[in-house]
Amino acid sequence: MELVTGQSPKRKPVVILGGGFGGVYTAQCLLSCRERFRRPDIILVSRSPYFEFKPLFIEVLGNRLTPELARFRLKNIINSDAGSLKIATVQGIDGKRKVVATDRGEIQFDHLVIALGGGSVPVPMTRQATLFSLESVDECIRLRERVDELRQAARKSKGKLAKTQRTIAIIGAGPTGVEAAAEIANILRVDAGMESKHDIILIETAKHILPGWSRRLRRESAAILRKYKVDVRTGTGVKRVAKSRIYLDNGMTLSAGTIIWCGGLKGLPLYESIGAAIDKSGHLRVNAFLQLPGFERIFAMGDAISTKTFSAPVPQGAQAAYQQAKVVAHNILNATEEKRLRRFRYVELGEIVPVGGRRALAQVLGVPLSGHLAWMFEKGIHIQRVPGWLNKIRLFNGLVLDPLAQRGEEYLQRKGR
Ligand SMILES: Cc1cc2nc3c(=O)[nH]c(=O)nc-3n(C[C@H](O)[C@H](O)[C@H](O)COP(=O)(O)OP(=O)(O)OC[C@H]3O[C@@H](n4cnc5c(N)ncnc54)[C@H](O)[C@@H]3O)c2cc1C
């Protein structure tokens with residue numbers, strides 16, 4: 001394997017794997033401390049040239065945001081002389097030799113940050129089966145196109161679609177499944193201006209939707225889904241998926257022309273190559289400093305790590321990855337200066353779930369919020385979190401100013417001006 005260009009054998013860099021939440025915020029934190037950080041360069045390795053901001057995907061699905069505003073070019077974020085971007089797919093990590101294997105050569109590291117996220121839990125399926133998901137901007141666009149097709153087909157057939165064609169099944173009622181079900185119901189039942197005859201089914205293994213979330217949000221989300229006439233089936237898992245068919249583990253079979261997978265994440269198979277401890281779902285175990293036990297120069301975070309690693313469970317989410325990135329950056333700096341490392345303590349700021357259109361349900365620092373106010377609050381957080389001033393302005397424009405201008409125009413047209 002070739003050595004990545006620009007790497008001198010003496011000066012090994014800090015290598016960050018993954019250009020998602022954990023990777024981007026760790027890189028930003030390290031680059032902002034460059035003065036203090038007199039040590040080697042930072043290399044961010046990502047298979048995609050974009051930082052995909054997943055919490056904005058629902059806006060893309062709902063056609064309220066252009067896809068370009070939900071992903072940001074990594075080269076514009078890592079645009080420092082101390083940091084460089086390498087577009088490559090990570091294939092393995094040799095913790096002992098301190099080498100990462102990629103499809104574009106090996107990279108040696110001094111400190112390594114694993115922020116590669118997780119992979120979808122595999123569901124047994126036949127080759128003919130097609131699953132939709134919300135795991136990337138491209139997947140959201142594919143799903144949005146399918147929902148548009150369904151809307152048009154319903155209009156053309158005047159509501160007389162065959163049962164399989166009109167049924168949409170969403171597997172997994174965690175936050176992503178609930179927001180997808182509510183958004184699709186909103187598009188088909190409210191935006192289309194018709195009581196569409198589509199059947200929307202939400203399937204969840206746990207006894208209730210949003211497992212692990214506060215009772216109020218579970219109760220109110222369930223009430224909204226009922227209002228949207230979403231058929232919620234809890235306490236049953238999916239055994240197998242075939243073309244337009246779902247086999248449930250309670251023995252029932254469902255026919256659905258559109259099947260969306262929101263069934264949770266597991267660790268990536270490449271995590272096994274490190275030789276570090278992993279949990280039953282393949283996630284990496286870390287210590288309180290977010291290091292892999294036995295590999296003190298390797299840190300991991302976000303969806304890559306086990307949620308049960310800490311004294312209290314830490315949810316998988318952008319909020320956790322963001323907080324962990326700060327601790328990891330701080331600990332790499334401290335380790336290079338031979339100072340004490342900081343322990344990671346998760347601070348729960350709240351829970352927010354979008355429930356179709358410009359509405360959400362939220363519990364922020366114990367304060368309940370709902371409707372448009374909760375949606376605005378969530379978008380405010382997203383605008384604050386996206387990297388770069390220009391991106392913040394573009395996003396504010398796309399989410400707030402453009403729709404306001406459009407409403408104003410519609411109002412004037414109605415008034416005949
Ligand atoms: C639709 C949706 C909505 C969400 N909404 C919210 C929300 O509102 N609030 C919230 O807190 N959380 C939300 N989440 C969860 C949140 O986005 C994730 O928990 C968060 O992105 C985890 O960050 P991460 O850095 O661990 O992984 P990711 O952000 O997934 O980043 C992993 C990166 O690694 C790259 N990668 C993976 N494998 C390889 C490889 N082999 N080689 C090179 N690169 C690789 C990927 O391309 C990606 O860029 C949402 C998730 C989804 C899917």
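To be clear, the structure that these remarks concern was listed above.
**A closer look at the overall build of the protein**
Next, step 1: Secondary structure assignment for the protein yields 10 helices and 23 strands.
Next, step 2: The globule rule puts the C-alpha radius of gyration for 417 residues at 22 Å, and the 23 Å found for the protein is close to it.
Next, step 3: In terms of overall dimensions, the protein has a C-alpha envelope of 70 × 60 × 45 Å along the principal axes.
Next, step 4: Residues counted as buried form 49% of the 417 residues belonging to the protein.
Next, step 5: By sequence separation, contacts in the protein at least 24 residues apart represent 64% of the contacts at least 6 residues apart.
Next, step 6: Put simply, the protein shows about 20500 Å² of open surface, and 51% of that area lies on carbon and sulfur atoms.
Next, step 7: A distance of 4 Å separates the average location of the 65 positive side-chain charges in the protein from that of its 38 negative side-chain charges.

**Observations concerning the environment of Val123**
Next, step 1: Along the chain, the position of Val123 falls in the loop between strand S10 (119-120) and helix H4 (137-156).
Next, step 2: A relative accessible area of 12% places Val123 in the buried class.
Next, step 3: C-alpha separation for the pair Val123 and Ala154, spaced 31 residues apart in sequence, amounts to 30 Å.
Next, step 4: Once you skip the residues sitting within four places of it in the chain, Val123 turns out to touch Leu131, Val238, Val241 and Trp261.

**Considering the sheet that holds strand S6 (residues 90-94)**
Next, step 1: Strand order in the open sheet formed by 3 strands is S6-S7-S8, with antiparallel pairing between adjacent strands. A single partner strand is all that each edge strand has here, and the edge strands are S6 and strand S8 (105-108). Averaged over all pairs of adjacent strands, the angle between their axes in this sheet comes to 20°, without regard to strand direction.
Next, step 2: Sheet topology places S6 next to strand S7 (residues 99-102); 4 bridges connect them, and they run antiparallel.

**Comments concerning helix H7 (residues 215-227)**
Next, step 1: Look at H7: 18 Å from first C-alpha to last across 13 residues, which is about the 18 Å you get at 1.5 Å a residue.
Next, step 2: Along H7, the residues that are buried comprise Arg216, Leu217, Arg218, Ser221 and Leu225.
Next, step 3: Of the residues one or two after H7, Lys229 is the one with positive phi, at around 60°.

**A look at the packing of aromatic side chains**
Next, step 1: Here the structure, examined in full by the defined rule, presents 8 aromatic pairs.
Next, step 2: Taking 5.2 Å as the distance between ring centres and 85° as the angle between the ring planes, the aromatic pair formed by Phe21 and Phe51 counts as edge-to-face. Of this pair, Phe21 sits in helix H1 (residues 21-32) while Phe51 is found in strand S3 (residues 50-52), placing the two residues 30 residues apart along the sequence. Both residues of the pair, Phe21 and Phe51, belong to the buried class.

**As for the side chain of Asp110**
Next, step 1: Residue placement: Asp110 occurs in the loop between S8 and strand S9 (111-114).
Next, step 2: Looking at Asp110, its side chain comes within polar contact range of the side chain of Arg297, at 2.6 Å.

Conventions and cut-offs
Residues numbered from 1 in each chain as written. Predicted model: local features only at pLDDT ≥ 70, side-chain atom pairs only at ≥ 80, totals over all residues. Heavy atoms only, no water. Helix = DSSP H or I, 4+ residues; strand = E, 2+ residues; numbered from the N terminus. Rg over C-alpha atoms; globule rule 2.2 N^0.38 Å. Buried < 20%, exposed > 50% of the residue type's maximum accessible area, 1.4 Å probe, protein only. Contact = heavy atoms within 4.5 Å. Areas by Shrake-Rupley, 256 points an atom, 1.4 Å probe, with all protein chains shown as cover. Lys, Arg positive; Asp, Glu negative; His and termini not counted. Charge placed at Lys NZ, Arg CZ, Asp CG, Glu CD. Pairing = 2+ DSSP bridges. Axes fitted to C-alpha atoms, helices over the stretch in contact; angles between N-to-C directions. Expected span 1.5 Å × (residues − 1). Phe/Tyr/Trp six-rings, centres within 6.5 Å; stacked < 30°, edge-to-face > 60°. Polar contact = N/O pair within 3.5 Å; in protein donor to acceptor, adjacent residues only side chain to side chain.

Honestly, it's all geometry; don't read function into it.
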